[in-house]
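# Structure assessment
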Number of protein chains: 4
Amino acid sequence: MAIDAAHVARGAKLRLGMVGGGRDAFIGAVHRIAARIDGEYELVAGCFSSTPEKSAASGADLGLNPARVYSSYAEMAQREARRKDGINAVSIVTPNHLHAPVAKEFLKRGIHVICDKPLTGTLADAKSLAKAAEKSDALFILTHNYTGYPMIRQAQEMVASGELGEIRVLHVQYVQDWLSTPLEQTGSKQAEWRTDPARSGGGGAVGDIGTHAQNLASFVTGLETEALAADLHRFVPGRQLDDNGHVLLRYKGGARGMLWCSQVSPGNENALRLQVYGDKGGIEWDQENPNLLWFTKLGQPKQLITRGGAGSGAAAARVSRIPPGHPEGYLEGFANIYAEAARAIRARMAGLPLPADVHFPTMADGVAGVAFVDACVRSSAKNAAWVTL
Amino acid sequence: MAIDAAHVARGAKLRLGMVGGGRDAFIGAVHRIAARIDGEYELVAGCFSSTPEKSAASGADLGLNPARVYSSYAEMAQREARRKDGINAVSIVTPNHLHAPVAKEFLKRGIHVICDKPLTGTLADAKSLAKAAEKSDALFILTHNYTGYPMIRQAQEMVASGELGEIRVLHVQYVQDWLSTPLEQTGSKQAEWRTDPARSGGGGAVGDIGTHAQNLASFVTGLETEALAADLHRFVPGRQLDDNGHVLLRYKGGARGMLWCSQVSPGNENALRLQVYGDKGGIEWDQENPNLLWFTKLGQPKQLITRGGAGSGAAAARVSRIPPGHPEGYLEGFANIYAEAARAIRARMAGLPLPADVHFPTMADGVAGVAFVDACVRSSAKNAAWVTL
Amino acid sequence: MAIDAAHVARGAKLRLGMVGGGRDAFIGAVHRIAARIDGEYELVAGCFSSTPEKSAASGADLGLNPARVYSSYAEMAQREARRKDGINAVSIVTPNHLHAPVAKEFLKRGIHVICDKPLTGTLADAKSLAKAAEKSDALFILTHNYTGYPMIRQAQEMVASGELGEIRVLHVQYVQDWLSTPLEQTGSKQAEWRTDPARSGGGGAVGDIGTHAQNLASFVTGLETEALAADLHRFVPGRQLDDNGHVLLRYKGGARGMLWCSQVSPGNENALRLQVYGDKGGIEWDQENPNLLWFTKLGQPKQLITRGGAGSGAAAARVSRIPPGHPEGYLEGFANIYAEAARAIRARMAGLPLPADVHFPTMADGVAGVAFVDACVRSSAKNAAWVTL
Amino acid sequence: MAIDAAHVARGAKLRLGMVGGGRDAFIGAVHRIAARIDGEYELVAGCFSSTPEKSAASGADLGLNPARVYSSYAEMAQREARRKDGINAVSIVTPNHLHAPVAKEFLKRGIHVICDKPLTGTLADAKSLAKAAEKSDALFILTHNYTGYPMIRQAQEMVASGELGEIRVLHVQYVQDWLSTPLEQTGSKQAEWRTDPARSGGGGAVGDIGTHAQNLASFVTGLETEALAADLHRFVPGRQLDDNGHVLLRYKGGARGMLWCSQVSPGNENALRLQVYGDKGGIEWDQENPNLLWFTKLGQPKQLITRGGAGSGAAAARVSRIPPGHPEGYLEGFANIYAEAARAIRARMAGLPLPADVHFPTMADGVAGVAFVDACVRSSAKNAAWVTL
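Just so it is clear, the structure is predicted and the values come from calculations on it, not from any experiment.

Attention now goes to unusual backbone geometry. Residue P118(A) follows K117(A) across a cis peptide bond; omega there is -10°. Along the polypeptide, P118(A) turns up in the loop between β4 (112-115) and α6 (123-135). One non-glycine residue with positive phi stands out, namely N383(D), at about 60°. Although it is not a glycine, A384(D) adopts a positive phi angle of roughly 65°. As for its placement among the helices and strands, A384(D) is situated in the loop between α13 (363-381) and β14 (387-388).

All right, on to the pairing of strand β2 (residues 41-47) of chain D then. Residues and elements named next belong to chain D. Of all seven residues in β2, five are buried; the element is thus mostly enclosed. When strand β1 (residues 14-20) meets β2, the two strands line up parallel, connected through six bridges. By the bridge assignment for β2, L16 is matched with L43. Of the crossover connections in this fold, the one passing from β1 over helix α2 (residues 26-37) to the parallel β2 is right-handed.

The next subject is the interface of chain C and chain A. Interface size is often expressed as the accessible area that is lost when the parts come together. Taken together, the contact pairs ten residues of chain C with ten residues of chain A. Contact with chain A buries area across many residues of chain C, yet P301(C), L304(C) and A310(C) alone supply 57% of it, more than any other trio. If you look at where chain C meets chain A, you find zero salt bridges. If you look at where chain C meets chain A, you find two residue pairs in polar contact (both at pLDDT 80 or more). Per-element tally for the side of chain C that touches chain A: the top contributor is strand β13 (residues 302-306) of chain C, with four residues.

Bringing the relation of the copies chain D and chain A into the picture now. Note on the copies: chain D fits chain A at an RMSD of 0.0 Å, the axial shift is 0.0 Å, and the rotation between them is 180°. What the rotation and shift describe, once combined, is the action of a two-fold rotation axis. Of all interface residues in chain D, 100% are interface residues in chain A too; the two copies therefore contact each other through one and the same surface.

Residues and elements named next belong to chain B. Locating Y73 in the fold gives a position in helix α4 (residues 73-82). Judged by relative accessible area, which is 26%, Y73 ranks as partly exposed. C-alpha separation for the pair Y73 and A103, spaced 30 residues apart in sequence, amounts to 9.4 Å. Setting aside chain neighbours within four positions, we find Y73 in contact with V19, C47, P101, V102, E105 and F106.

Counted according to the given criterion, the structure contains zero disulfides over all chains. Of the cysteine sulfurs around C376(C), a residue in no disulfide, the closest is that of C261(C), at 7.3 Å.

Our focus in this paragraph is the environment of D125(C). Residues and elements named next belong to chain C. Tracing the chain through its elements places D125 in helix α6 (residues 123-135). Among the residues examined, D125 registers a relative accessible area of 28% and is labelled partly exposed. Taking C-alpha positions, D125 is 40 Å from D279, a pair spaced 154 residues apart along the chain. Filtering out sequence-adjacent residues up to four positions away, D125 remains in contact with H97, A100 and T120.

What follows is about the domain arrangement of chain A. Residue and element names in this part refer to chain A. Here chain A is partitioned into domain 1 (5-138) and domain 2 (148-322 + 367-388). If you average the C-alpha positions of domain 1 and of domain 2, the two centres end up 27 Å apart. Opposite the 15 residues of domain 1 that make contact, domain 2 presents 17 residues. With both chains or domains summed, domain 1 and domain 2 bury close to 1,300 Å², and 61% of this area falls on carbon and sulfur atoms. Along the contact surface separating domain 1 from domain 2 lie two salt bridges. With a closest N to O distance of 3.4 Å, K117 and D208 form a salt bridge.

Let us now look at the packing of helix α2 (residues 26-37) of chain B against helix α12 (residues 330-349) of chain B. When two helices pack together, their arrangement is captured by the angle between the axes and the distance separating the axes. All names here are of chain B. Packing of α2 against α12 leaves a shortest axis separation of 8 Å and a crossing angle of 70°. Considering their axes alone, α2 and α12 lie roughly perpendicular with respect to each other. For α2 against α12, the interelement crossing comes out right-handed. Only Y330, L331, E332, F334, A335 and Y338 of α12 make contact with α2, whose side of the interface consists of F26, I27, V30, H31, I33, A34, A35 and I37. For the contact of α2 with α12, the class distribution of residues is twelve nonpolar, one polar and one charged.

Moving on: empty space enclosed by the protein. All names here are of chain C. Summed over the entire model, instances satisfying the criterion amount to nine cavities of 30 Å³ or more. Counted as a void, the largest cavity has a volume near 60 Å³. What lines the largest cavity is simply L179, R194, T195, G204, A205, D208, R239, L241, D242, D243 and Q263.

It is worth spelling out the pattern of salt bridges at this point. Enumeration according to the criterion identifies 108 salt bridges over all chains in this entry. Between R318(A) and E340(A) there is a salt bridge, with its nearest N and O atoms 2.8 Å apart. Placement of R318(A) in helix α11 (residues 314-318) and of E340(A) in helix α12 (residues 330-349) is noted, with a sequence separation of 22 residues between them. Since its relative accessible area comes to 23%, R318(A) is described here as partly exposed. Between R321(C) and D38(C) there is a salt bridge, with its nearest N and O atoms 2.7 Å apart. Pair noted here: R321(C) is in the loop between α11 (314-318) and α12 (330-349) and D38(C) is in the loop between α2 (26-37) and β2 (41-47), with a separation of 283 residues, a long-range link. D38(C) carries the same exposure label as R321(C), and that label is buried. Taken together, the shared-partner salt bridges connect R153(A), R318(A), E340(A), R343(A) and D357(A) into one network.

Within this numbering scheme, the UniProt entry marks residues 15-142 of chain A as carrying the feature "domain: Gfo/Idh/MocA-like oxidoreductase N-terminal" (unreviewed entry). Along residues 15-142 of chain A one finds 42% helix and 20% strand; the C-alpha atoms at either end are 18 Å apart.

Take the interface of chain D and chain A next. Taken together, the contact between chain D and chain A spans 43 residues of the former and 43 residues of the latter. A combined buried area of about 3,500 Å² lies between chain D and chain A, and 60% of that area is made up of carbon and sulfur atoms. Put simply, chain D and chain A have four salt bridges between them. Between R250(A) and D231(D) there is a salt bridge, with the nearest N and O atoms lying 2.6 Å from each other. In this structure, the connection of chain D to chain A is made through 21 residue pairs in polar contact (both at pLDDT 80 or more). Breaking the side of chain D that touches chain A down by element, the ones donating at least two residues are β6 (167-175), β7 (225-233), β8 (244-251), β9 (256-262), β10 (271-278) and β11 (281-286) of chain D. Classifying every residue of the side of chain D that touches chain A by side-chain character gives 18 nonpolar, 18 polar and seven charged.

Turning next to the packing of aromatic side chains. All names here are of chain D. Following the criterion strictly, the structure yields 30 aromatic pairs over all chains and no others. A centroid spacing of 5.8 Å and a plane angle of 75° characterise the contact between Y146 and Y174, whose relative ring orientation is edge-to-face. One end of the pair, Y146, is in the loop between β5 (140-142) and α7 (150-160); the other, Y174, is in strand β6, and 28 residues separate them in sequence. Each member of the pair Y146 and Y174 is classed as buried.

Cut-offs and rules
- Residues numbered from 1 in each chain as written.
- Chains lettered and ligands numbered in written order.
- Predicted model: local features only at pLDDT ≥ 70, side-chain atom pairs only at ≥ 80, totals over all residues.
- Heavy atoms only, no water.
- Helix = DSSP H or I, 4+ residues; strand = E, 2+ residues; numbered from the N terminus.
- Buried < 20%, exposed > 50% of the residue type's maximum accessible area, 1.4 Å probe, protein only.
- Pairing = 2+ DSSP bridges.
- Right-handed = clockwise from strand over helix to strand, strands pointing away.
- Contact = heavy atoms within 4.5 Å.
- Buried area = accessible area lost by both parts, 1.4 Å probe.
- Salt bridge = Lys/Arg side-chain N within 4 Å of Asp/Glu carboxyl O.
- Polar contact = N/O pair within 3.5 Å; in protein donor to acceptor, adjacent residues only side chain to side chain.
- Least-squares fit on C-alpha atoms with pLDDT ≥ 70 in both.
- Disulfide = S-S within 2.5 Å.
- Domains from an automatic or database assignment.
- Axes fitted to C-alpha atoms, helices over the stretch in contact; angles between N-to-C directions.
- Parallel < 35°, antiparallel > 145°, perpendicular 65-115°, else oblique.
- Left-handed = near helix turned anticlockwise from the far one by under 90°.
- Nonpolar A, V, L, I, M, F, W, Y, C, P; charged D, E, K, R; others polar.
- 1 Å grid on protein atoms, 1.4 Å probe; cavity = no way out; pocket = protein on both sides within 12 Å on 5 of 7 lines; lining within 4 Å.
- Points joined across faces, edges and corners; volume = space filled by probe spheres on them.
- UniProt positions renumbered as here; feature names shortened; annotations may be inferred.
- Phe/Tyr/Trp six-rings, centres within 6.5 Å; stacked < 30°, edge-to-face > 60°.

Below is the structure:
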């Protein structure tokens, strides 16, 4: 219960706004729950749609003061920045192409930004946003939420402390089946924008979920991609973006890897799995049963490390709430990003340096993610030629 | 995301108090998170300890108004009942022997009670509390939280709709290892009161976790226990209450079952598992991977039903927040009890009948649970003789 | 590949006969494959049915010399005993009630007997057969085949060497679904005799599979049952023997256990599972994935020991053929009983003492098994009263 | 028990010889057990080593007539071909570079050849051997044993019957850890020749196990590889051949795939796994638990099809011996290749056409396998450039 003890004790809640995430949006609701779990935030303002009626209706659903429900994010940023009780932070949960323009409005007014991934739809946008963030005092937190899972923190800690030895091989995949049919032609809003280059950017599956896989592998191993060769493909007739991708990876220092993302593999819901092997040991993790981490020390029996159980260390404990055997899930992992963000924001508001042990995905991670997608798209366009990063 | 849409839209939060659950208590923190997840409650008062300094410190940790932090639950009930902005409901998270006296103080003042399980330490207390609840307009909700898991709702729905046919056999277990050593002699507060008859009642493992298993089986199958024969045992030297129990079960209508609870089985964290078999099919569920439900229609391949996936129905959807493949966990299941309670409390506060589809464990479930423990203890004292319920 | 090296090198194959196991019999074919796997035996004679045409047809299927295919087991015993090239051993794979009379005919002529389980249908028969075996120089091997699995040998070795400490609790089950309907009324020979008291004895599920579970628990732990209380039940209308049983177990020395056998639990094929817990550790094993053994040392992460992998010791290696990761199965486990029998028979034929490390289930195990079934039936008839063994 | 009934009934056993497979060789013992399981073959001759004493010692271990134990395979072929009771078939279990010269000696004398994989070390050898086989009346059977697993037959049948629709994506891997250290420098014979280009050919992991993965994917899907891009790597210092490989695959007709083979991934014994996804459904299989096949029909719950259980069809039944829930393993799968070979050899010996339903991996499969390894090596040498097959 590290988090309950550590986070709630800080007094007044942070005031949070949200852009995007109106009725029927999936990820907006997730962000709201994640923000509530540890009691660190209170949602007080929002721009849930550019259509005033829709935004107002969503705001009403959420019990917000109608005066703080906007249909223009720019107006929201201006007016909230002027209020004495204005928001301290904003969650951006729009389609990808809006991340950059929205975030800039808030960053330039010193409002901290918690932004959904991928950072942007294009690499140019990503770089431009990075510059905007550099000029701002406000923090930028990217919700690569899978890094919030305690056993991913455990894995990261084990790699960092050398328990696997020198990393040689990694295999990471994020496999789904929800786009096995042309769902985007049947009225699904979610499918529509995810498969629309104008709103998602140049990557389909690789942008939506491949980027999660890339980020996870990078977070756990600390390895930097040197070059990649990607074979992206569209299987569903009429689809505009890739729905399956196979990527060969070469890391600085000599490790090799493989990444597979797919949205057309029946029988897979969110099969995000990571396997990392070094010369002394290996680890394996599956997002669908996230409280477990398999660890093998070369020449010894495989061990099943459970969140909070024997063998589970300080990094996992810091982002856990309940004892082993009581599964924490996706929402708690997501909440950990919000909790870490709160610690960082409170430190920044107090003029203090960020705590040494805090972790959240940053602008740099976001740029790396978009660069990864961009490199995959370029490689694939050249028949899976190697692209250096 | 049924819950996000349905619950948050109700306007002002319910004002919640808490009795018990100070620093270092496990279950108090769980209740607080569960109450926060869906944004239905705001914790505004508490009596976290009978020692004033301890209660005050816990209240301060939680950012409460010091004027509403008490060291006497009776005083808390009186004063909160008199306040205009007094609590609407109280969470009771004390050791078992205090449930009845605390609950009565709030019930008689019309304050709704959300109480941890088991209902009480003794059957006499349980019956007395039941009478007190009958006389009150306030609701009584027992947090048999495992009934809040979506796939348990799914299982209940499948049994009720006849997909398993007539139930013949059930097997339920709740197996742990945390009391394999005399932990209560080493300063563990949790172990101390759990193994102390004065605070826990006559059942050790059977009261703490056997009662969860019994409640789960009962909820899913709707079967009533007719008779049981229990072989309880204390393995750890010096322990005062059972740490392992095997129970033969006979249900009205002819089904037979077996219940196993243990706190001395190394390698088990919270192995709460339920298997139910009828003449047409069977289901199997494991709390440690709770988003899955195995279903076999006799003569057909085993199916893996996932929360929100194909084959998962309305009952599970009503208490789910996120799409399949993103695991929900223990805290979301617990939060579902709080969310259901909120719906019921709001209806009661509005003078309306309870919604037809709302479910929460009630006083009757609580009395049945204590009667189960009592019967097990009596049976075991008579060398596992049959005891009729 | 311990077995390949150790067993095949002995020169001439042992000459084997078979009683029972004609066309369409399940277990006869299993015995024949088990006898072939390690090249130790050659099937040269048989009495596959008491109907001459049927026996002859089965003998022809198997390529036997027609002169050595009999329709009377007594005649087979007499004539084979007289031949210079007569059988060294006989496999008895008839329904239970014939085990004793058939075995006696061969034992009294010094022909070694390999007999399917349970030993007999009645305790009187078991005791009478035990006496007959005592008077004979021939060996008696009972095919409680599950004790032949390498990881069961591993488990036995770990318990014996104290890795679990003092055993406290065990849970064993053998659960199936094939008798969920009145299959015996539809022409299934297998179902007919298994549910017929005249051919199976007083136990149904408890005799067929409960006895496997009892034997497995006993083999692994070395514990002796002191008393039991059994609740047997017939669920399928018209069935004459139990198809589900729950048994409370008390062992000499203080351990407690629970045994569940069922043939009416849809979704279970051969769910034979054993869990054993001591004060220092626990083990868990599942027959349907038999190359794995879970081991937890109290306070350490769970380990997955694989057949032949790290942590797997000499006892498992002695009965393994291939490296880890290449699954051995039911037939290899069964073959291990035959291979052990061959070692013992060859030693006996050479006038040598049995090798110290050889293990096979004996007459004593068989009598214990029938006594277990008998005790269960008596206990159940007295409403699950305790019966001392 | 399809096989027991179908195969043993054929009268006299086939006379089998073996080249390679002396003491301490792994795969020779496996072939011998596989040949024994169904009673179709009798091992009567062998050339177990080119050192006369070693060959003789191995022959003696196996109880062979010393006159039929050779130290020259050419002499063995000549002399056995001349004997009236000469061998009908020979098993070749030498290192890869000897497959072609040995096989040719037997093929040209009309002796059927059962040969371990990969076919040869070089593509030139493979083609030359294919020509030799064409000129011979004798059959050539390649022991790509994993195609003998019943659930792989089931998978093949399901793909062929259209249950998955049009195949889009496949993922296949064969991952081990036994070469994580420089084992070949420590005296391990197995490691020595597997990592020696002179004896294994140009592929290390890709030749030893990658070729199994390629063959399995090809067998199940019936797809033909159009082009591949391979990134092979040697991680262990001093190693001469690849110990890890990642391969992008493009199939005729448009499917895409990925193959991963590794011998340096700690915690993996023989993790051969296949996933195949079409527009209507998907299947998943794991060699380490081979009696299970996961099947998802798009939009329905995942099904667990068990060998011989509900949903398991004729193709699996034909190569199964025992009922569901009793696991068959690696040796039975291997034995199925021998059993199928026996059917084919008997048909050929009788001058009949091969049975329509018989399946065994052929010379064509072998050439395809070597071509695959050759293409991977060439692609990798050109920095993972595409190579057309």
